[in-house]
Amino acid sequence: MSETIRTDEAPRFRYSARLANEIEAKWQGYWEEHRTFWAPNPSGPLSDGFEQMAGRSKLYVLDMFPYPSGAGLHVGHPLGYIGTDVFARFQRMNGHNVLHAMGYDAFGLPAEQYAVQTGQHPRVATETNIENMRRQLRALGLGHDPRRGPATTDVDYYRWTQWIFLQIFNAWYDDAADTARPIAELVRQFEAGERAADDERPWAELSPIDRRRLIDAYRLAYLDEAPVNWCPALGTVLANEEVTPDGRSERGNHPVFKRPMKQWTLRITAYAERLLADLDLLDWTDSIKLMQRNWIGRSVGASAVFPVEGHEGVEIEVFTTRPDTLFGATYMVLAPEHELVDEIVPVGWPGTTRGDEWIETPAAWRGIFGVDRTPAEAVTAYREFAAGKTDLERQTETREKTGVFTGAFATNPTNGESIPIFIADYVLIGYGTGAIMAVPAHDQRDFEFAREVELPIVGVVRPPDAWLEAHGVTADTPADEWPEAYTGDGIGMNSANDDVSLNGLETAEAKRVIGEWLERTGTGAPTVTYRLRDWLFSRQRYWGEPFPIVYDESDLPIALPESMLPVELPELTDFEPRIVDDDEQSLPLPPLARAHDWVNVELDLGDGVKSYRRELNTMPQWAGSCWYYLRYLDPTNDHELVGSEVERYWTHGVRAGGAPAAGGVDLYVGGVEHAVLHLLYARFWHKVLFDLGHVSTPEPFQRLYNQGYIQAPAFVDERGFYVEVIDVEERDGDYFADGRPVTRKDGKMGKSLKNVVTPDDIYRDYGADTLRLYEMFMGPLDASRPWSTTDIIGVHRFLQRLWRNLVDEETGVARIFTDPPDEQTRRLLHRTIAAVRDDMASLGFNTAIARLFELNNRLTLVVAEEGAAPSEVATPLVLMLAPLAPHTAEELWSRLGHEYSLAYEPFPVADPALLVDEEIEIPVQINGKVRARIRVPADADAATLESIARADAKIAALLDGASVRKVVVVPGRMINFVTD
RNA sequence: GCCCGGAUGGCGGAAUUGGCAGACGCGACGGACUCAAAAUCCGUUGCCCGCAAGGGUGUGUGGGUUCAAGUCCCACUCCGGGCACCA
């Protein structure tokens, strides 16, 4: 139910929704007309007015790129946008040249899916949605620079997205220099013989095709045939980051399958170490840094090579974090998909030795599908079993270890032991080398598998006595009688050969010694491995950026020259992704394949006009959002991504306290859901651009702030379905919809929970300033909090009272007197200014607003007495209100007699002399309990305070007869008498 | 399972380095204005005992450090988030 204000009876100039709407429309028009929020660049077409900014320091405030949804905004969306706007306006008043703008991340699935359903071009829906969102955001009074709001779908924009892709494609990572370099430098190194192909063949002996293959393998963007996340329901492949832990698509929650496919991949892993290390330069919350660290997943250990017996030159490389346990490796495990498996599987089962005894392959080794199969059959059966497991089954399963013997053996390089090679699905193809050495005594998974399959367990680290005791064993108990693996550190044992001994060494020392030995003997080396995988970068969609890539008859990719950009999306009428066949193994057929005239082109790429085939995939939605913050800086530049002077001006590092600054955006506000995906991808692209000299800072976002979500009451009926919140009524604490009981189940506001409140409703009932103020007042910006329509009235009343304190409700004329206010009011004013300044600087808008409430409450008393407000209070109060409720503040400012906008008026500064009181009240405690309060001079010393306290009648009475053991006096704070 | 957050009145939330718990707002209650209602204005409002003065108690639970703990330490409960067979 809306709070309808009976405007017909209210005074003409009472602050009501009607008046607020009038004021808001007026000032939104004014700001637009006067270009109030145009932030001038130091040079170039957007530099008009830069001289007037001389002496001001720059500030770049940024919101995460919004997707223009067809549903329009609900009140949860603009929370962060309001926060950045308040901060930007505050800092503008503090003398900064503030850049604040908003564009649209407009490629992507929803528009395309809508297009598939309706046959309407996605551009149409996208443009309508952007228009609607612009309207809703404009009504909020956000102070954006309207010249800087590109959409990723603009040809002028995606031309540069394609250009960045070309930079990435035409670069390689120079590990020695730890930087990306133009690919031409690599070609030159090969030509000059400074570098040879992996197979040692000299450049001169390579065919042109082989040369291209060789170079392509170094590029930061490369085609890779690898198992990828294939989502048939979406008709596309997905990046690892877009797949949920239970193996479903993050968008739409559809099942995702692993399929080998040839796809574009970006070499983000080359940057793993820098992405990790440079987190230290950033002012981000620890939790976001931690999520990035976890995603990158650095782990330190060693690689080791195990020769496969009977196969000359065939080796299995493993990674281990516990190289000190190498002597305890009693078997190996390959991931079922490992490429060596087929090569090493023998025709028949071999025998093996156990102690001195020669035995046939034990039944337990041959797998769970019967013992009468050949090794090849057993391997095939196991692979089918493993691949058939859905990810959900893997979740719910008790994680019982299964696996099968390949029939092959490897040699443990430390002790020469012959150890069997298994495949098992507890080893993942996607991590490390997809193969492990198994040390069952010191790894719980290996231990469980060894128990299951009857493999030997040899202890090589002596556990501490406490562990032995807790597990009911002694130091003499063989490891295969332990109840579980010992995975901690300890003293090495059973670990010596003629060349090296780890016996008696602490774990850390043993790791060092064996690392040296591995390196010396060429059987391995200390290594660092990352969990991060390269970024799968192609999608089988229509509504995305086409790749600036063509293929010739060799099927190898060829980058188009910059001069051929943009590669525009061809017009289609059917946008649906298809699959080649209707079975499980089906392959995606991108919609662009149907644009035959576009796909097959005649081009002159330097050696005459020839026929080429265009790349059919498009880029993922992340592509456009990886770099938009750079385009905001120089949106009209048609010969550069961003002009370097402009780029340096807006992104040079400023960090308080002299700590090393990463530079980039000064304040970046957005939801925590982008903690890994967008923020990792954007950092990666930025670093590539940095390495190649296109940007001047190593990081894109100096300070990141995660705003919370607006939650809202939601209700489910007996069947568990959500019901529209508007249909729910409350009776004595119970809830009913259409007379049926429903249960309250709050959650993030959104269409799916049917609990959406739109900003348009709130504008209508209260005005945009009330909405802004309410969202900022609800709680700290970084916390999620429940929307409460009843609470809004509080901030609306505040605006109404403040307005009434300054303006006659009947005539609209300001009621101001110029005499100074009383001393108490003046002191409160200056305390308020000091507190509001601090709060706004630290984004503590909720407490800043509370302070303004207090000052206004005081002003109400003054006005009641005097009939008008002292201008010495009114003026700073309006200025302090301006960032939060800009329309109302502008209107008051103008009614106070000012001709121009207050957007660049200096924010009030407190007089320090008025912040200190001469006399203060402090509590007097007896044994920690407050028994009295005394008024004392603010600078009274401890002795004075004690004597004043003792003189207090009540304290004197309570202390009478008690023996005071101790007196704690904190001058300016409190006094505590401790008695026996 | 591992790693991060968090828990304060009926509700949203305030509380520098340990120093008066509950700022500010909502709601509720009482009053003024009104024929009446809404709006507006004034007052009260953590809980318990008490007519009152006043006293007791109180920041998820249990313990500890301290003259003093929402804040620090230990153990736990619940809620939210991230990761998860990561070698």
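So, a few notes on the structure that sits alongside this text. (Residues numbered from 1 in each chain as written. Chains lettered and ligands numbered in written order. Predicted model: local features only at pLDDT ≥ 70, side-chain atom pairs only at ≥ 80, totals over all residues. Heavy atoms only, no water.)

1. So, helix H3 (residues 109–118)
Here is step 1 of the chain: Among the residues making up H3, those that are buried are Leu 109, Ala 111, Glu 112 and Ala 115. All buried residues of H3 lie within an arc of 165° about the axis, which places them on one face of the element.
Here is step 2 of the chain: The secondary structure elements touched by the buried residues of H3 are helix H4 (122–138).
Here is step 3 of the chain: Trailing H3 by a residue or two, Gly 119 shows a phi angle of about 80°, which is positive. (Buried < 20%, exposed > 50% of the residue type's maximum accessible area, 1.4 Å probe, protein only. Helix = DSSP H or I, 4+ residues; strand = E, 2+ residues; numbered from the N terminus. Arc of directions from axis to C-beta. Contact = heavy atoms within 4.5 Å.)

2. Things to note about the environment of Trp 622
Here is step 1 of the chain: Counting through the fold element by element, Trp 622 comes out in helix H17 (residues 622–625).
Here is step 2 of the chain: On the basis of relative accessibility, which here comes to 13%, the residue Trp 622 falls in the buried class.
Here is step 3 of the chain: If we ignore the near neighbours within four places in the chain, the residues touching Trp 622 are Glu 242, Trp 535, Arg 539, His 674, Leu 677, His 678 and Tyr 681.

3. Some remarks on the side chain of Gln 292
Here is step 1 of the chain: By the secondary structure assignment, Gln 292 is in helix H9 (residues 286–296).
Here is step 2 of the chain: Residue class for Gln 292 comes out buried when judged on its relative accessible area of 0%.
Here is step 3 of the chain: Excluding residues that lie within four positions of it along the chain, Gln 292 makes contacts with Leu 279, Trp 284, Ala 675, Val 676, Leu 679, Leu 680 and Arg 683.

4. Regarding the protein's contact with RNA strand B
Here is step 1 of the chain: As a structural note, the neighbourhood of RNA strand B is formed by 54 residues, with Thr 321, Tyr 431, Arg 445, Arg 531 and Arg 933 the closest of them.
Here is step 2 of the chain: One of the side-chain N or O atoms of Asn 846 is found 3.1 Å from a phosphate oxygen in RNA strand B.
Here is step 3 of the chain: Arg 931 has a polar side-chain atom sitting 3.3 Å from a phosphate oxygen of RNA strand B.
Here is step 4 of the chain: Looking at the surface near RNA strand B residue by residue, the classes come out as 22 nonpolar, 13 polar and 19 charged. (Near = heavy atom within 4 Å. Polar contact = N/O pair within 3.5 Å; in protein donor to acceptor, adjacent residues only side chain to side chain. Nonpolar A, V, L, I, M, F, W, Y, C, P; charged D, E, K, R; others polar.)

5. Focus: the sheet that holds strand S6 (residues 236–238)
Here is step 1 of the chain: Ordered in space as S6-S5-S7-S19, the four strands form an open sheet in which the pairing is antiparallel. Lying at the two open borders of the sheet, with one neighbouring strand each, are S6 and strand S19 (535–536).
Here is step 2 of the chain: Relative to S19, strand S7 (residues 257–266) runs antiparallel, the two being bridged by two bridges. Residue pairing across strands places Thr 265 opposite Leu 536, the latter belonging to S19. (Pairing = 2+ DSSP bridges.)

6. Concerning the packing of helix H22 (residues 768–777) against helix H23 (residues 792–806)
Here is step 1 of the chain: The interhelical angle for the contact between H22 and H23, taken along N-to-C directions, is 120°, at an axis separation of 9 Å. Between H22 and H23, the angle falls in the class oblique. Every pair of crossing elements has a handedness; the one defined by H22 and H23 is right-handed. Contact residues: H22 offers Asp 769, Thr 770, Leu 773, Tyr 774 and Phe 777, while H23 offers Ile 792, Val 795, His 796, Phe 798 and Leu 799.
Here is step 2 of the chain: Class assignment of the residues belonging to the contact of H22 with H23 gives a composition of seven nonpolar, two polar and one charged. (Axes fitted to C-alpha atoms, helices over the stretch in contact; angles between N-to-C directions. Parallel < 35°, antiparallel > 145°, perpendicular 65-115°, else oblique. Left-handed = near helix turned anticlockwise from the far one by under 90°.)

7. Describing a negative patch on the surface
Here is step 1 of the chain: On the surface, a cluster of negative charge is made up of Glu 127, Glu 131, Asp 154, Asp 156 and Asp 638.
Here is step 2 of the chain: Examined against the element boundaries, Asp 156 turns out to sit in helix H5 (residues 155–169). (Patch = residues over 30% accessible without salt bridge, like charges linked within 9 Å, V, L, I, M, F, W, Y side chains within 5 Å. Areas by Shrake-Rupley, 256 points an atom, 1.4 Å probe, with all protein chains shown as cover. Salt bridge = Lys/Arg side-chain N within 4 Å of Asp/Glu carboxyl O. Lys, Arg positive; Asp, Glu negative; His and termini not counted. Charge placed at Lys NZ, Arg CZ, Asp CG, Glu CD.)

8. Topic: the packing of aromatic side chains
Here is step 1 of the chain: For the structure shown, the criterion picks out 50 aromatic pairs.
Here is step 2 of the chain: A centroid spacing of 5.7 Å and a plane angle of 35° characterise the contact between Tyr 331 and Phe 449, whose relative ring orientation is tilted. Here Phe 449 lies in helix H13 (residues 444–453) and Tyr 331 lies in strand S10 (residues 331–334), a separation of 118 residues in the sequence.
Here is step 3 of the chain: Among the aromatic residues, ring-to-ring pairing joins Phe 165, Phe 169, Tyr 173, Trp 264, Tyr 271, Trp 535, Phe 537, Phe 547, Trp 622, Tyr 681, Phe 684 and Trp 685 into one connected group.
Here is step 4 of the chain: A cation sits over an aromatic face here: Arg 12 above Phe 13, 4.9 Å from the ring centre.
Here is step 5 of the chain: Residue placement shows Arg 531 over the ring face of Trp 295; its charged tip is 4.3 Å from the ring centre. (Phe/Tyr/Trp six-rings, centres within 6.5 Å; stacked < 30°, edge-to-face > 60°. Lys NZ or Arg CZ within 6 Å of the ring centre and 35° of its normal.)

9. With respect to the pairing of strand S39 (residues 929–937)
Here is step 1 of the chain: Bridge count between strand S38 (residues 919–926) and S39: eight bridges; the pairing is antiparallel. Looking at the pairing, Pro 923 lines up with Arg 933 of S39.

10. Quick notes on unusual backbone geometry
Here is step 1 of the chain: At the junction of Leu 565 and Pro 566, the peptide bond is cis and its omega measures out at -5° in the coordinates.
Here is step 2 of the chain: Considering the arrangement of structural elements, one finds Pro 566 in the loop between strand S21 (557–559) and strand S22 (578–579).
Here is step 3 of the chain: In this structure, Leu 843 is a non-glycine residue whose phi angle is positive, near 60°.
Here is step 4 of the chain: Even without glycine at this site, Asn 927 takes up a positive phi of about 55°.

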